[in-house]
Amino acid sequence: MTRIAFLGTGLMGRPMAANLLKAGHAVTVWNRSTDKTQPLVAAGATAAATPAAAATGAEVVFTMLTDGASVGDLLFNQGVAAALSKGALFIDCSSIQPAEAKRHAEGLAKVGASQLDAPVSGGPSGAEAATLAIMVGGSEADFARGEPLLKALGRPTRVGGVGTGQLVKLANQLIVGLALGAVSEALLLVDEGGGDAAAARKAMTGGFADSLVMQIHGQRMLDRKFLPGGPAQMHLKDMNNVLAEAKAQGLELPLSSLMQQIFAGLAGNFGPRVDHSGVLLELERRNPGHRLGEGKDILPE
């Protein structure tokens, strides 16, 4: 049994912390909105009043937060880093910039703690089922310490040193973003041309165009169910980070630039909480009078 602090128990963090509880670990939880910790407390977790209190005495601290600024604030402004025991392991499952992950690791090293950046992919359903793809950056020794815990959440793979987990997550979000755009354009093209878009999706299953995006998000588009899921504002953040990293590397990524604009339009025109499969909505907005199917849109309140 490992003494774990889990900071950030929202849409993704709650089921992840629940799976660590199910694996038999002692979990202390903290969230800015305290009501989001109550289901975990009912399942056996301990709630802490502050993030620093949660981290005190923990062998491993997990975070699942919205962005790098939030992670840095918890670590160095709200006292988490100072509260860590020497030798503690910090595992950040948030999706942030690789440079931010490196800065956090440098700050943690000063207090005798080490870090794995371990962003995840698979959405709330993958978090519930403990089938997340987990991209891990950090030393081999730290990965060996963290791997048994990460296996309670999904499939961890070490991809290199500190910061590379975040780099691979950006690559993941780049691919998912482009695939969302491709699937929405393809289904709208078939529908407007007089074909059966649902049958087209089925026909492409198993071919080179097939993907989880086609299977899961394609069905959401057909059903016009745009509840998150993955909020548009979060995918926009990821695409912004993709372009920032590309600029730092001297790369031009024209497809990513286009999808960043589409996600910005989606979040701005349909609200930041709409699911990222709502790229279909932004595509339809850009094509007045054209719409996939006849169903009613199901959107966040």
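Refer to the structure above for everything that follows.
Criteria and thresholds
- Residues numbered from 1 in each chain as written.
- Predicted model: local features only at pLDDT ≥ 70, side-chain atom pairs only at ≥ 80, totals over all residues.
- Heavy atoms only, no water.
- Helix = DSSP H or I, 4+ residues; strand = E, 2+ residues; numbered from the N terminus.
- Buried < 20%, exposed > 50% of the residue type's maximum accessible area, 1.4 Å probe, protein only.
- Contact = heavy atoms within 4.5 Å.
- Axes fitted to C-alpha atoms, helices over the stretch in contact; angles between N-to-C directions.
- Parallel < 35°, antiparallel > 145°, perpendicular 65-115°, else oblique.
- Left-handed = near helix turned anticlockwise from the far one by under 90°.
- Nonpolar A, V, L, I, M, F, W, Y, C, P; charged D, E, K, R; others polar.

## Digging into the side chain of Glu282
Moving on, step 1. Residue position: Glu282 is located in helix 14 (residues 279-285).
Moving on, step 2. Classification of Glu282 by relative accessible area gives buried; the value is 0%.
Moving on, step 3. When residues no more than four places from it in sequence are discounted, the contact partners of Glu282 are Ile262, Gly265, Leu266, Asn269 and Phe270.

## Re the packing of helix 9 (residues 164-192) against helix 11 (residues 212-223)
Moving on, step 1. For the pair helix 9 and helix 11, the least separation of the axes is 10 Å and the interaxial angle reads 50°. It follows that helix 9 is oblique to helix 11 by the angle criterion. Where helix 9 crosses over helix 11, the two elements pack in a sense that is right-handed. Of the residues in helix 11, those in contact with Val176, Ala179, Leu180, Val183, Ser184 and Leu187 of helix 9 are Val213, Met214, His217, Gly218, Met221 and Leu222.
Moving on, step 2. Across the contact of helix 9 with helix 11, the residue classes tally to nine nonpolar, three polar and no charged.

## Remarks on the side chain of Asn19
Moving on, step 1. By the secondary structure assignment, Asn19 is in helix 1 (residues 13-22).
Moving on, step 2. Apart from residues no more than four positions distant in its own chain, Asn19 is found in contact with Ala127, Glu128, Ala130, Ala152 and Leu153.

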